[in-house]
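The chain contents come next:
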Amino acid sequence: MPSDIYDLIVIGGGSGGSAVARRAAGYGAKVCIIDKGATRDATGQRTGAGFGGTCVNVGCVPKKLMYLASSEREHLLAGHLSGYGVSANASGAVDWAALKERRDAYVAMLNKNYENNWTKAGIEIAVGEATFEGPQSVRVTPHVSQGAARGAVRMLSAKKVVIAVGGMPTPLDVPGGELAISSDGFFDLPSRPKKVAVIGAGYIAVELAGILHGLGSETHLFFRGPTVLQHGFVRASPHRPTLSRACVATSLDSALSGSRAQDPYIIETLMEELGKHGPNLHAGSTPAGLLRASDGTITLQVRTQSGIVEDHVGFDCVLCAIGRVASTAALGLEKAGVATDERGRIVVDAFENTSTRNVLAIGDATTAGFDLTPVAIAAGRRLADRLFGGAPDARIEYACVATVVFSHPPIGCVGLTETQAREQFGDAAITVKKARFTSMKYALSPPDAKVRTAMKLVLKGAEERVVGLHTIGPHSDEMLQGFAVAIRMGATRADFEAATAIHPTIAEELVTFGGWGQQPTGPEGALRPVLPPHLRRPAYAGRTAQAIGAALVVAAAAIVVVRARR
Ligand code: FAD
């Protein structure tokens, strides 16, 4: 079979694949991007996300639209508007079908944008499943549903191949597990479930449970541990993450690998707020099986921590969100000699190199450790800079990656949790500033509808460098980005405080914590002012003044002596 030859083949047209392909094409490389397109298996389960990948089709984008819908409804029904004297007589009825139709149309528009952008960049698009035939040769097999429209099987080869195939939801491996839907299935739901069980403790489970609850489904969240979100977005990384210059200077290595967990203060606040305003929580519950009851509903059996199996009945939907698995099993990686870890993730170094020369990998399918769209995009762009842009040292930096959980209320975090910082630098080096309060947003709301905000700064050393910032509460998602820039640049508490507050806002708390501009001088608690760096007199200035003073005294004394001798 004749083979088309490229400078670069990219397998996977998601966040990372699209980014590397477009950037490489911008440098003049001849690029082909291979994506399965939106495919399904015989049972109707999604097997290919579609152009734009997970984020656009079954991830960030449709999730955020559902989150916004759910938050608006919650706000309407909780009585916040009537607190402001605004009539809010709406019933909160949800036209799920109409919402889905508009959401799907928005996603379809983005799919088209991706295709147009690739075409405009001069990238060739091959639709079908890619499998390796050798390190630099790839077979593209169109899906059965696409065969006629999209052409025959093709063989492609290239000087470089980038694998960016992302991941898929992990199926529920218990008897009857096939009765559960995944996060992909959530986006297929034609109507709002009346009573839904969500299984999982990660951010996807928390977010989807919050969305369903906010849109009026009776929602039950089942998780194994005592709380949700005990682990973060970031998986353990086999390679040492790239060190940023700012962070190397102050040895903040671990701040770079991001938070593997949320700060306990944030989890505690989240659990309280979920308990008051969220879905029904079932801690310490491990799924044991699913059964179809005679009335057509699903019974979820869970094993509690005492070993008892409990039946929870009457669900018209069970949604499982217990993690994701890299889409590498059918890629034929063995033919390319590309090594994976025990979970099928492609092993990469800090430059996205795999075990095979000229085969590189980015995004969720790798061991890089971050399952986030902006990380996949940045990795792809920097990789293209390195391969085709003449920047041999280019690589993504994992320093201080900020993350948000779109829970109700949302969470934002960057850097280390207090626990991580204490482990890393020792108790003596760490101080924290924290506050929990009800923001003015809810000043006129009914008491039981008020949602709390909690914020924490984790500070290191005498210079009080900010090594962690954690916030939960309304607008945490929107306020984090700017703080992440400052933290990445090495901001200290004094820098935060030197940035005059914006009043009245929620974010102002982060620059005005109690003890603003002061520090205790000792255990007795007497306070002294702490000035920001630009107002501090350099230490040598005082010594120089003393030296000049002493020299003047000596000179004056010498003049007196000389005069006396005359
Ligand atoms: P993907 O975007 O998954 O793209 C991979 C593409 O490759 C897909 O189109 C796939 O069909 C295709 N493919 C796979 N195998 C083959 C093959 N053999 N041949 C051809 N094509 C193939 N991240 C955030 O930053 N913020 C969020 O709010 C957020 N929310 C999320 C919510 C949910 C429910 C989920 C599931 C994920 C969310 N994410 C979020 C994570 C984010 O979507 C991923 O980190 C990101 O999409 C990873 O990009 P990628 O390029 O590695 O892979």
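This text follows the structure it describes.
How each quantity is defined
Residues numbered from 1 in each chain as written. Predicted model: local features only at pLDDT ≥ 70, side-chain atom pairs only at ≥ 80, totals over all residues. Heavy atoms only, no water. Buried < 20%, exposed > 50% of the residue type's maximum accessible area, 1.4 Å probe, protein only. Helix = DSSP H or I, 4+ residues; strand = E, 2+ residues; numbered from the N terminus. Pairing = 2+ DSSP bridges. Axes fitted to C-alpha atoms, helices over the stretch in contact; angles between N-to-C directions. Left-handed = near helix turned anticlockwise from the far one by under 90°. Contact = heavy atoms within 4.5 Å. Nonpolar A, V, L, I, M, F, W, Y, C, P; charged D, E, K, R; others polar. Near = heavy atom within 4 Å. Polar contact = N/O pair within 3.5 Å; in protein donor to acceptor, adjacent residues only side chain to side chain. Areas by Shrake-Rupley, 256 points an atom, 1.4 Å probe, with all protein chains shown as cover. Patch = residues over 30% accessible without salt bridge, like charges linked within 9 Å, V, L, I, M, F, W, Y side chains within 5 Å. Salt bridge = Lys/Arg side-chain N within 4 Å of Asp/Glu carboxyl O. Lys, Arg positive; Asp, Glu negative; His and termini not counted. Expected span 1.5 Å × (residues − 1). Core = buried A, V, L, I, M, F, W, Y, C linked by side-chain atoms within 4.5 Å.

Participant: Looking at this structure, I do not really get the pairing of strand S23 (residues 465-472). What am I missing?
Facilitator: Residues in a regular strand point their side chains to alternate faces of the sheet. With eight of eight residues buried, S23 lies mostly within the body of the structure. Bridge analysis of strand S22 (residues 452-460) against S23 gives seven bridges, and the strand direction is antiparallel. Along S23, the bridge assignment pairs leucine 459 with valine 466. Linking two consecutive strands that pair antiparallel, namely S22 and S23, is a turn of four residues; a positive phi of about 75° is found at glycine 461 within it.

Participant: Teacher, can you tell me more about the sheet that holds strand S15 (residues 309-315) here?
Facilitator: In sheet architecture, strand pairing relies on hydrogen bonds along the backbone and comes in two forms, parallel and antiparallel. The strand order across the open sheet formed by three strands is S13-S14-S15, and the pairing between neighbours is antiparallel. Each end of this open sheet is capped by a strand with a single partner; those strands are strand S13 (286-292) and S15. Averaged over neighbouring strand pairs, the angle between their axes works out to 25° when direction is ignored. Two elements, strand S14 (residues 298-303) and S15, share five bridges in a ladder whose sense is antiparallel.

Participant: Help me understand the packing of helix H3 (residues 60-77) against helix H5 (residues 96-120) in this model?
Facilitator: Packed helices, taken two at a time, are described by their axes: the angle between them and the distance between them. Axis separation between H3 and H5 bottoms out at 10 Å; the angle between their running directions is 145°. The element H3 and its partner H5 pack so that their crossing is right-handed. For the pair formed by H3 and H5, the contact residues are Val61, Pro62, Leu65, Met66 and Ala69 on the first element and Trp96, Leu99, Arg103, Tyr106, Val107 and Leu110 on the second. Of the residues belonging to the contact of H3 with H5, the class tally is ten nonpolar, no polar and one charged.

Participant: Just checking my understanding: could you explain the site of the ligand for this structure?
Facilitator: As a matter of local geometry, the ligand sits amid 37 residues, with Gly16, Asp35, Thr54, Lys63 and Asp364 nearest to it. Within the side chain of aspartate 35, a nitrogen or oxygen atom sits 2.8 Å from an oxygen atom of the ligand. One of the backbone nitrogen or oxygen atoms of glycine 50 is found 3.4 Å away from an oxygen atom of the ligand. With the chains in place, 95% of the 1,000 Å² that the ligand exposes on its own is no longer accessible. Elements represented by at least two residues in the shell around the ligand include exactly helix H1 (15-26), strand S2 (31-35), helix H2 (53-58), H3, strand S6 (129-134), helix H8 (203-214) and helix H13 (373-388). With four residues, the top contributor of residues to the shell around the ligand is H2.

Participant: I tried to follow the environment of glycine 363 on my own but got confused; where do I start?
Facilitator: On the secondary structure map, glycine 363 appears in the loop between strand S18 (359-361) and H13. Its relative accessible area of 13% is what places glycine 363 among the buried residues. Spatially, the C-alpha atom of glycine 363 lies 9.4 Å from that of glutamate 352, the residues being eleven residues apart in sequence.

Participant: Please clarify how a nonpolar patch on the surface should be interpreted in this entry.
Facilitator: Taken together, the side chains of Tyr84, Val86 and Leu444 make up a nonpolar region of the molecular surface, amounting to roughly 280 Å² of accessible area. The residue tyrosine 84 is located in the loop between helix H4 (80-83) and H5 in this model. The partly exposed category is assigned to tyrosine 84, whose relative accessible area is 42%.

Participant: Can you walk me through the side chain of glutamate 508 in this structure?
Facilitator: Within the fold, glutamate 508 resides in the loop between helix H16 (493-498) and strand S24 (518-520). Although glutamate 508 is buried, it forms no salt bridge, and the closest oppositely charged side chain is lysine 441 at an N-O distance of 15 Å. A polar contact is formed between the side chain of glutamate 508 and the side chain of histidine 503, at a distance of 2.8 Å. In this view, glutamate 508 contacts Ala501, Ile502 and His503; residues no more than four positions away in its chain are not counted.

Participant: Explain the sheet that holds S23 here, please?
Facilitator: Taking strand neighbours across the sheet as the criterion, the five strands line up as S19-S20-S23-S22-S21 in an open arrangement whose pairing is antiparallel. Both outer strands of the open sheet, strand S19 (403-405) and strand S21 (430-438), are each paired with one neighbouring strand and no more. When strand polarity is set aside, the average angle formed by the axes of neighbouring strands in this sheet is 15°.

Participant: Would you explain H8 in this entry?
Facilitator: Given 3.6 residues to a turn, an α-helix orients residues that are three or four positions apart in the same direction. Between its terminal C-alpha atoms H8 stretches 16 Å, which fits the 16 Å expected from twelve residues at 1.5 Å a residue. Among the twelve residues that make up H8, nine are buried, leaving the element largely enclosed by the rest of the structure. Looking one or two residues past H8, glycine 216 carries a phi angle of roughly 100°, positive in sign.

Participant: Even after reading the chapter, I still don't get the environment of glutamate 273, so can you show me in this structure?
Facilitator: Mapped onto the secondary structure, glutamate 273 falls in helix H11 (residues 264-277). We classify glutamate 273 as buried; its relative accessible area is 0%. Sequence separation of glutamate 273 and proline 409 is 136 residues, and the distance between their C-alpha atoms is 7.6 Å. Not counting residues up to four positions away in its chain, the partners in contact with glutamate 273 are Gly278, Pro409, Lys450, Val451 and Arg452. A polar atom in the side chain of glutamate 273 sits 3.5 Å from the backbone nitrogen of arginine 452.

Participant: Please explain unusual backbone geometry as it appears in this structure.
Facilitator: Excluding glycine, residues mostly carry a negative phi; peptide bonds, for their part, are mostly trans. Histidine 408 connects to proline 409 through a cis peptide bond whose omega is 5°. One can find proline 409 in the loop between S19 and strand S20 (411-415). For the bond from histidine 503 to proline 504, the omega torsion is -10°, close enough to zero to count as cis. Within the fold, proline 504 resides in the loop between H16 and S24.

Participant: What am I meant to see in the pattern of salt bridges here?
Facilitator: What the rule picks out here adds up to 24 salt bridges. Note that glutamate 268 and arginine 436 form a salt bridge whose closest N and O atoms lie 2.9 Å from each other. With a gap of 168 residues between them, glutamate 268 in helix H11 and arginine 436 in strand S21 connect regions that are remote in the sequence. Overall, glutamate 268 belongs to the partly exposed group, its relative accessible area being 40%.

Participant: Could you clarify how one ought to interpret the nonpolar core in this entry?
Facilitator: Here is a general trend for soluble globular proteins: nonpolar side chains tend to be buried in one another's company. Phe186, Val198, Val228, Leu457, Leu469, Phe496 and Leu510 are the most contacted members of the largest nonpolar core, which totals 57 residues. When residues no more than four places from it in sequence are discounted, the contact partners of phenylalanine 496 are Leu457, Val466, Leu469, Phe483, Ala486, Ile487, Ala491, Leu510 and Val511. Of all hydrophobic cores here, the second largest spans 50 residues; its members include Ala29, Val138, Leu331 and Leu383.

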